[in-house]
Amino acid sequence: MTLTLQFSIRRNGTLIGKPRATYSRLGNDGALNRAFVASVLDALDKALPLPVSDSMGGAIAGRTLFPRFTAASGRAS
């Protein structure tokens, strides 16, 4: 399963607005899909505010970020 979010952060590492899903590839199990999306949003919530230095904050403030979150399939390869 994969989920890509779109969002921007301020120079202090806080979120600007709400994250938006721009791509998803989910499975056939609705409950598992909901749990995956909830875990992604929970992970993002726990990571905020992002710890950024003054120079890094100035470089990325307001820029759109597109992080991709992927869950392993659980199958041996």
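Please refer to the structure higher up on the page.
The rules behind the values
- Residue numbers restart at each chain and count upward from 1, following the sequence in its written direction.
- Where local features are concerned, this predicted model is filtered to residues with pLDDT of at least 70; where side-chain atom pairs are given and counted, the filter is 80 or more; whole-chain, interface and lining totals use all residues.
- In computing side-chain values, all of the structure's heavy atoms are included and hydrogens and water are not.
- Nine residue types can take part in a nonpolar core, namely buried Ala, Val, Leu, Ile, Met, Phe, Trp, Tyr and Cys, and a core is a set of them joined through side-chain atoms within 4.5 Å.
- Only protein chains enter the calculation, and the probe is 1.4 Å; a residue is then buried if its accessible area is under 20% of its type maximum, exposed if over 50%, and partly exposed in between.
- Going along the chain from the N terminus, every DSSP run of H or I of four or more residues is numbered as a helix, and every run of E of two or more is numbered as a strand.
- Whether two residues touch is decided by their heavy atoms; if any such pair falls within 4.5 Å, the residues are in contact.
- Distance and chemistry together define a polar contact, namely a pair of N or O atoms within 3.5 Å, with one atom able to donate a hydrogen and the other to accept it when in protein, and with adjacent residues in sequence counting only for side-chain atoms on both sides.
- Strands qualify as paired when DSSP identifies two bridges or more between them.

A few points about the nonpolar core
Piece 1. L3, L5, F7, I9, L15, F36, V40, L44 and I60 together form the largest nonpolar core, which totals nine residues.
Piece 2. Top element by residues in this core is strand β1 (residues 2-9). It accounts for four residues.
Piece 3. Non-local contacts of L3, meaning those with residues more than four positions away in its chain, are made with A21, Y23, S24, F36, V37, V40, P67, R68 and F69.

Details of the environment of R10
Piece 1. Position of R10 among the secondary structure elements: in the loop between β1 and β2 (15-25).
Piece 2. When its relative accessible area of 40% is taken as the criterion, R10 is described as partly exposed.
Piece 3. Ignoring sequence-local partners within four residues, the contact set of R10 consists of L15, I16 and A61.
Piece 4. Of the polar contacts made by the side chain of R10, one reaches the backbone oxygen of L15; its length is 2.5 Å.

Notes on the pairing of β1
Piece 1. In terms of burial, β1 is a largely internal element, eight of the eight residues being buried.
Piece 2. Neither face of β1 is exposed, since T2, T4, Q6 and S8 on one face and L3, L5, F7 and I9 on the opposite face are all buried.
Piece 3. Judged from the three bridges that link them, β1 and strand β4 (residues 68-70) form a sheet pairing that is antiparallel. Looking at the pairing, L3 lines up with F69 of β4.
Piece 4. As paired elements, β1 and strand β3 (residues 64-65) share two bridges and run antiparallel to each other. Within the sheet, the bridge partner assigned to F7 lies in β3 and is L65.

No statement about biological role is implied by the geometric values presented.
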